[in-house]
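A structural walkthrough
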Amino acid sequence: MRRADRLFQIIQVLRRTRKPLTADAIAAELETSKRTIYRDIATLIEQRVPIRGEAGMGYILEKGFDLPPLMLTPDEIEAAVLGAQWVAGHADPVLARAAQDLMAKIADTVPERLRPFVLEPASRARPVWNREPDRIDMVRTRSNIHEGKKITLSYRDEHGRESERTIWPIAIGYHEAVRILAAWCELRKDFRSFRTDRVVDAVYHDEKYPERRDLLRAKWRRSLVWEAPKDT
């Protein structure tokens with residue numbers, strides 16, 4: 001690996017973690033020596049890359065540092081395009097258009113030699129098939145998730161039973177043919193999953209739910225809510 005490429009990869013490795021990484025860990029991933037990593041990090045710090053830490057304790061990249069958008073590897077382009085293809089075929093119309101715009105922006109941004117990785121990718125996502133229609137405003141739902149605001153659903157379960165639930169929305173899961181809205185349910189006082197094609201009606205509130213979003217999300221992850229949707 002060329003030194004310039006290795007310096008770039010060190011930054012990439014540090015960008016994807018919030019915890020300090022030791023030179024040993026970085027060297028193992030980049031298949032080089034610890035001494036080389038120490039030397040490269042010293043070079044990056046001299047170039048005013050905001051890396052904090054010290055030998056034996058680990059290193060961390062300070063927030064706010066970013067690289068020019070042109071510095072994408074072929075594999076990163078392939079990954080971004082493959083993900084955008086999937087979103088374009090499976091998400092709601094607004095996200096689908098955003099995915100198409102993203103691919104166009106990547107094609108316009110990358111150097112000419114990398115453009116075939118966007119326009120003629122080696123990997124392709126399967127177009128959507130047998131997708132159940134969303135019966136909820138996905139744009140407003142995502143907005144309430146970001147803002148931590150409540151939603152009241154009129155919901156019909158798989159047996160046709162209807163109920164009204166006030167929920168604290170957390171995330172939308174995009175499965176092959178359906179979308180799942182994960183939320184804290186005030187009625188059940190627990191996490192529940194709701195299929196967006198079974199929503200009868202939705203009322204979007206300006207009221208924020210009382211718990212911090214990051215804490216609620218952490219509790220939800222621990223609950224393994226994606227194992228199976230629960231309608232009851």
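Every value quoted in this text rests on a predicted model; they were computed, and no experiment measured them.

Counting residues in each nonpolar core, the largest one holds 16 residues, and the members touching the most others are Ile10, Leu14, Ile26, Ile37, Ile41, Leu44 and Ile51. The leading source of residues in this core is helix α1 (residues 3–15), at five residues. The contact partners of Ile41, leaving out residues within four places of it in the chain, are Ile10, Ile26, Ile51 and Tyr59. Counting residues in hydrophobic clusters, the runner-up holds 15 residues, among them Ile136, Tyr155, Ile167 and Ile172.

Another point: the UniProt feature "domain: WYL" (unreviewed entry) in the protein chain. With numbering matched to this structure, UniProt assigns "domain: WYL" (unreviewed entry) to residues 145–202. As a span, residues 145–202 carries 5% helix and 66% strand, and end to end its C-alpha atoms are 14 Å apart.

Turning to its location among the elements, Glu78 is positioned in helix α4 (residues 74–90). The side chain of Glu78 is buried and forms no salt bridge, while Arg124, the nearest opposite charge, is found at 8.6 Å.

Sites flagged by UniProt as "domain: Helix-turn-helix type" (unreviewed entry) map to residues 6–60. The annotated region residues 6–60 carries 56% helix and 13% strand content, and the separation between its end C-alpha atoms amounts to 17 Å.

Right, let's talk about the domain arrangement of the protein chain for a bit. By domain assignment, the protein chain separates into domain 1 (3–61), domain 2 (74–120) and domain 3 (138–224). The C-alpha centroid of domain 3 is placed 40 Å from the C-alpha centroid of domain 1.

Glancing now at the sheet that holds strand β5 (residues 179–185). The sheet built from five strands is open, its strands ordered β6-β5-β4-β3-β7 with antiparallel pairing. Bordering the open sheet on either side are β6 (190–195) and β7 (199–208), each of which pairs with just one other strand. Across the sheet, the mean angle separating the axes of adjacent strands is 40° when strand polarity is ignored.

Okay, the packing of aromatic side chains next. Under the counting rule described, the total for this entry stands at four aromatic pairs. Summarising the aromatic geometry, the rings of Trp168 and Tyr209 are spaced 5.4 Å apart at their centres and angled 15° between planes, so their arrangement reads as stacked. On the criterion of sequence distance, the pair formed by Trp168 in strand β4 (residues 162–174) and Tyr209 in the loop between β7 and α8 (213–223) is long-range, its members being 41 residues apart. When the ring of Trp184 is compared with that of Phe191, the centres are 5.2 Å apart and the planes differ by 85°; the resulting orientation is edge-to-face. In this structure Trp184 comes out as partly exposed when scored by relative accessible area, which is 21%. Taking relative accessible area as the criterion, Phe191 reaches 8% and is therefore assigned buried.

Residue pairs three or four apart in sequence face the same way in an α-helix, which turns once every 3.6 residues. Between the first and last C-alpha of α1 there are 18 Å, a value that for 13 residues agrees with the 18 Å anticipated at 1.5 Å per step. Within α1, burial applies to Arg6, Leu7, Phe8, Ile10, Ile11, Gln12, Val13 and Leu14. Buried residues belonging to α1 abut α2 (23–30), α3 (34–46), β1 (51–54), β2 (58–61) and α4.

Glancing now at the pairing of β2. Burial along β2 is two-sided: the residues Gly58 and Ile60 and Tyr59 and Leu61 are all buried. Of the pairings in the sheet, the one linking β1 to β2 comprises four bridges and is antiparallel in character. When the sheet's bridge partners are listed, Gly53 is paired in β2 with Tyr59. The loop that links β1 with its antiparallel partner β2 comprises three residues; one of these, Gly56, has a positive phi angle of about 90°.

Let's shift gears to the packing of α4 against helix α5 (residues 93–109). Axis separation between α4 and α5 bottoms out at 8 Å; the angle between their running directions is 155°. Judged by the angle between their axes, α4 and α5 are roughly antiparallel. The two elements α4 and α5 cross, and the hand of that crossing is left-handed. Mapping the contact onto sequence places Ile77, Ala80, Val81, Ala84, Gln85, Val87 and Ala88 in α4 and Leu95, Ala96, Ala99, Gln100, Leu102, Met103 and Ile106 in α5. Of the residues contributing to the contact of α4 with α5, the split by class is 12 nonpolar, two polar and no charged.

About the thresholds
Residues numbered from 1 in each chain as written. Predicted model: local features only at pLDDT ≥ 70, side-chain atom pairs only at ≥ 80, totals over all residues. Heavy atoms only, no water. Core = buried A, V, L, I, M, F, W, Y, C linked by side-chain atoms within 4.5 Å. Buried < 20%, exposed > 50% of the residue type's maximum accessible area, 1.4 Å probe, protein only. Helix = DSSP H or I, 4+ residues; strand = E, 2+ residues; numbered from the N terminus. Contact = heavy atoms within 4.5 Å. UniProt positions renumbered as here; feature names shortened; annotations may be inferred. Lys, Arg positive; Asp, Glu negative; His and termini not counted. Salt bridge = Lys/Arg side-chain N within 4 Å of Asp/Glu carboxyl O. Domains from an automatic or database assignment. Pairing = 2+ DSSP bridges. Axes fitted to C-alpha atoms, helices over the stretch in contact; angles between N-to-C directions. Phe/Tyr/Trp six-rings, centres within 6.5 Å; stacked < 30°, edge-to-face > 60°. Expected span 1.5 Å × (residues − 1). Parallel < 35°, antiparallel > 145°, perpendicular 65-115°, else oblique. Left-handed = near helix turned anticlockwise from the far one by under 90°. Nonpolar A, V, L, I, M, F, W, Y, C, P; charged D, E, K, R; others polar.

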